[in-house]
Amino acid sequence: MDLVSGYKGMVGLVFGNENSGSSEDSYIERLLDRISNGALAEDRRTAVAELQSVVAESHAAQLAFGAMGFPILMGVLKEERDDVEMVRGALETIVSALTPIDHGKGPKNEVQPALMNTDLLSRESESISLLLSLLSEEDFYIRYYTLQLLTALVTNSTNRLQEAILTIPRGITRLMDMLMDREVIRNEALLLLTYLTREAEEIQKILVFEGAFEKIFSIIKEEGGSEGGVVVQDCLELLNNLLRNNASNQILLRETMGFDPLISILKLRGSTYSFTQQKTINLLSALETINLLLMGGPEVDSVKDANRLLTNKTVLVQKKVLDHLLMLGVESQWAPVAVRCAALQCIGNLIAGYPKNLDALASKVLGEEPHVEPALNSILRIILRSSSMQEFIAADYVFKCFCEQNSDGQTMLASTLIPQPHSMTHAPLEEDVNMSFGSMLLRGLTLNENDGDLETCCRAASVLSYILQNNIQCKERVLRIELEAPMPSLGAPEPLMHRMVKYLALSSSMKSKDGKSSSTGNLYVQPIILKLLVTWLADCPNAVHCFLDARPHLTYLLELVSNPSATVCIRGLTAVLLGECVLYNKSSESGKDAFTVVDSISRKVGLTAYFLKFDEMQKGFLFSSGKPAQPRKALTRSNAASMAEIEDVEENASSNQTDGHPILISIFDAQFVNLVKKLESDIRENIIEVYSQPKSKVAVVPAELEQKSGENDGDYIKRLRSFVEKQCSEIQDLLGRNASLAEDLARTGGGSISQPEQRASGASERVQVETLRRDLQEASQRLEMLKAEKAKIESEASMYQNLAGKMESDLKSLSDAYNSLEQANYRLEKEVKALKNGGATPSSPDMEAIKAEAREEAQKESEAELNDLLVCLGQEQSKVEKLSARLLELGVDVDTLLEGIGDDMGLHEDSEEDDED
């Protein structure tokens, strides 16, 4: 094996040539010399032991060994299989050479000899084949060290080892056999296979056909299911690698073993209240497996993959997986937050887009008699009460999936939205068990308004926005809900929408539960309430009318959209809300119509500054890329502990963020982002259309239109005429300014605000330019028409020339036919003369009759052909006359064109006569 030359070059490049002569190098070289050239077996074994010890502790020794030692030790493995102790020592030494040494010191960019050694050894496919052959050895330690060595290789050089093992006959089969070996070797083989199967579809398929599913679930059962140790975690990680983005393996698992062994892992055994870290990790791994069966890969193959996912969902619900998920995510409040969140995520994925599963969740009842309640109520309580941000996001995801494309479910939930008396609204929290879903939701919307803590309100608002999304009936129904005032003396009941706008205004001065100002909470409370209002007003004119019923609402939005202390997201959503008040405004009532809203925006904010809010929002993190759903990070040994201990990180997660708060990233899903983008384009177009047109009705009648006392009719008419002329001039000026401003806004969507004088001059210049453009367009059109006419005439001339040529060739062919006829006649006459000269014989008494008959027949044929020729000539002559007249009209000299045609025919006939002579 030619391993040394390339490696020495790398060593010299990194450390310099002087390092090669160091004492460490010379010591390694002496040990390797003893191993390769030693005479005594015991001395060689001692040298291997010393080499392993020094390589395990020294960077320099690892580096020197890589340059010189691999060929020697690989030779030992190949040629000295009978010396078990020697083979053990060689394997252990190579493992040490591939294991990084972490002394906690040294620069970060220091070269790692272990990685270089891994790269060097993995380049040779013969080395991998040799190592796999060692797995068939009887000695336990040889198999154990070989597996450790392969694991070290695959850890640092995954792709290369995957490719090498695929090329080795029965390579995967040998590794699978190790799963049936002693426990220690089985566990090492399991760990090796988890590395090998990452993003390697071919290896995944081979493992499955080698019976990987059966062996994995057998090991899990032996180890005690979710109560087992790290071996169960490794088994589930291997199972997830086999199923991730691999449709065929998922189908094979479903059709062979089924999902029962997997679901049994989710059953809580032993002490239900005891959740060790390892048990938590095992449950998280099993829940990740469920998610893989419910979610498509990054590129879902349309109908085929959709059918597979639907079948998986159907089978899982038939196997009662929903009960286990509800137990883990909803009923087991003593379970770790990470497990509850993962279970809720699975519930959302299980019901998404599948009506049967939606109905199954809607009909689920939790608890025991007499304390039972619908599952949706319990999940809503988690949203309203949970102190964990992650748990709120997961439970909110369940309602998002439940309401998406489920108008019946939305209507069912909206039908329970019945306001409770004020006394019931402020009853102790424990009494909400007896409430309906809608009553609990309305209570959450108004629970802590007096404390200034609107976090519960914003969570309930998020759920309400899902109920209203794309459902006009639910929007109309919720519009009719009226809430009692906190105190009867404060006035009559107010619509729910007005209360939400009030909370939107209060949230800017919101305080947290400890009484301190909470600017962090404001980062997501206001956007979520704004999301509810944007969803509510979309395509619902009655909602717009209700919103504008209170004049302060419009004033507050105009202040909020230009508030510099508000985030880009808040200002952008406020701009969308204002735009909806124009876009879906069907009111003709003065002060509430679309023109009034646009006029208010123009005066208070400015249309240019207003449209800039859309541009700023679209550049923000939440709206810039449509945020496709982030794939859940795969659970591995390296990140399992951190994922098992997730707690609320909202303070740290949002301290340095504005629009990228974790709650907003989850709640502002792709569907809402697309709605906002669609609304933006419609709003721009509609506002420009409204602004560029004059108001249709004038409510005020000027006093100048009334005839003054003592004024005669002539003076009155003159005054009216001058007044109308003045008004017309002002109207024309205003229309010109409006049109120019609308064009600027439509073209740029923003820019600096120009002065009125500049706008007026710009409008006049634009009119002149437009006139010139029209003149130029008309001239170019006339030019195009002339060009087309010229081309048509040229085409006709060319066609007539072609016809003349054709007629000439027809005349020539007729002349040739006539000449051939003359020749035939001449030949017949010669034959008759010859017959005459021959004289009459007794055997031919009727010769004269025959000759007369032949002459008569020839004469008839000649006359018929001549008549046809004359008819043809007459027809062609008339065509020639017409063509000559047309060519004269086109300016073509006919005589010049026909010059020489007759001469050519004459010459042709003369030549033929000469030939006959």
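Quick caveat, the model's predicted, so the values are computed rather than measured.

Engineer: Account for the pairing of strand β2 (residues 371–374), with residues named and values stated.
Structural biologist: Here strand β1 (residues 365–368) runs beside β2; their pairing, made up of four bridges, is antiparallel. For Val 365, the partnering residue across the bridge sits in β2 and is Pro 374. The antiparallel hairpin formed by β1 and β2 contains two residues in its connecting segment.

Engineer: Residues and numbers for helix α27 (residues 455–468), please.
Structural biologist: Counted at 1.5 Å a residue, the expected span for α27 with its 14 residues is 20 Å, and the 20 Å between its end C-alpha atoms agrees. Most of α27 is tucked away, with 13 of its 14 residues classed as buried. A positive backbone phi angle near 55° is found at Asn 470, which sits one or two residues after α27.

Engineer: Would you mind going over the packing of helix α11 (residues 183–196) against helix α14 (residues 230–243) in detail, with residue names and values included?
Structural biologist: Viewed as axis vectors pointing N to C, α11 and α14 meet at an angle of 35°, and their least axial separation amounts to 9 Å. Pair α11 / α14 crosses with left-handed handedness. In this structure, α11 contributes Arg 186, Asn 187, Leu 190, Leu 191, Leu 193 and Thr 194 to the contact, and α14 contributes Val 231, Asp 234, Cys 235, Glu 237, Leu 238 and Asn 241. Classifying every residue of the contact of α11 with α14 by side-chain character gives six nonpolar, three polar and three charged.

Engineer: Any chance you could break down the pattern of salt bridges for me, citing the residues and the numbers?
Structural biologist: Per the counting criterion, the structure on display carries 34 salt bridges. The salt bridge involving Arg 88 is made with Asp 139; its shortest N-O contact spans 2.7 Å. With a gap of 51 residues between them, Arg 88 in helix α5 (residues 84–98) and Asp 139 in the loop between α7 (125–133) and α8 (140–156) connect regions that are remote in the sequence. Overall, the relative accessible area of 18% leaves Asp 139 in the buried class. Here the salt bridges do not stand alone but share partners, grouping Arg 34, Asp 43 and Glu 50 into one network.

Engineer: Please give an account of a negative patch on the surface that cites residues and values.
Structural biologist: On the surface, Glu 853, Glu 857, Glu 861, Glu 865 and Asp 868 cluster together to form a negatively charged patch. With respect to the helices and strands, Glu 865 occurs in helix α43 (residues 847–889).

Engineer: Residue-level account of the environment of Ser 815, with values.
Structural biologist: Within the element layout of this structure, Ser 815 appears in helix α42 (residues 756–838). For the pair Ser 815 and Leu 869, spaced 54 residues apart in sequence, the C-alpha separation works out to 8.7 Å.

Engineer: I'd love a proper account of a positive patch on the surface, names of residues and values included.
Structural biologist: On the surface, a cluster of positive charge is contributed by Lys 830, Lys 833, Lys 836 and Arg 855. Mapped onto the elements of the fold, Lys 836 is located in helix α42. A relative accessible area of 48% means that Lys 836 is categorised as partly exposed.

Engineer: Would you mind going over the packing of aromatic side chains in detail, with residue names and values included?
Structural biologist: Within the structure shown, the criterion is met by ten aromatic pairs. Arranged with centres 6.0 Å apart and planes meeting at 5°, the rings of Phe 140 and Tyr 144 form a pair that is stacked. With Phe 140 and Tyr 144 both in helix α8 and four residues apart, the pair spans about one turn of that helix. For the pair Phe 140 and Tyr 144, a shared accessibility class is recorded, and that class is buried. Ring plane angle 55° and centroid distance 5.5 Å describe the contact between Tyr 610 and Phe 611, whose orientation is recorded as tilted. You can call Phe 611 buried: its relative accessible area is 0%. One cation-aromatic arrangement involves Lys 279 over Phe 275; the distance from NZ or CZ to the ring centre is 4.6 Å. Over the ring of Phe 392 we find Arg 459; its NZ or CZ atom is 4.8 Å from the centre of that ring.

The rules behind these values
- Residues numbered from 1 in each chain as written.
- Predicted model: local features only at pLDDT ≥ 70, side-chain atom pairs only at ≥ 80, totals over all residues.
- Heavy atoms only, no water.
- Pairing = 2+ DSSP bridges.
- Helix = DSSP H or I, 4+ residues; strand = E, 2+ residues; numbered from the N terminus.
- Expected span 1.5 Å × (residues − 1).
- Buried < 20%, exposed > 50% of the residue type's maximum accessible area, 1.4 Å probe, protein only.
- Axes fitted to C-alpha atoms, helices over the stretch in contact; angles between N-to-C directions.
- Left-handed = near helix turned anticlockwise from the far one by under 90°.
- Contact = heavy atoms within 4.5 Å.
- Nonpolar A, V, L, I, M, F, W, Y, C, P; charged D, E, K, R; others polar.
- Salt bridge = Lys/Arg side-chain N within 4 Å of Asp/Glu carboxyl O.
- Patch = residues over 30% accessible without salt bridge, like charges linked within 9 Å, V, L, I, M, F, W, Y side chains within 5 Å.
- Areas by Shrake-Rupley, 256 points an atom, 1.4 Å probe, with all protein chains shown as cover.
- Lys, Arg positive; Asp, Glu negative; His and termini not counted.
- Charge placed at Lys NZ, Arg CZ, Asp CG, Glu CD.
- Phe/Tyr/Trp six-rings, centres within 6.5 Å; stacked < 30°, edge-to-face > 60°.
- Lys NZ or Arg CZ within 6 Å of the ring centre and 35° of its normal.

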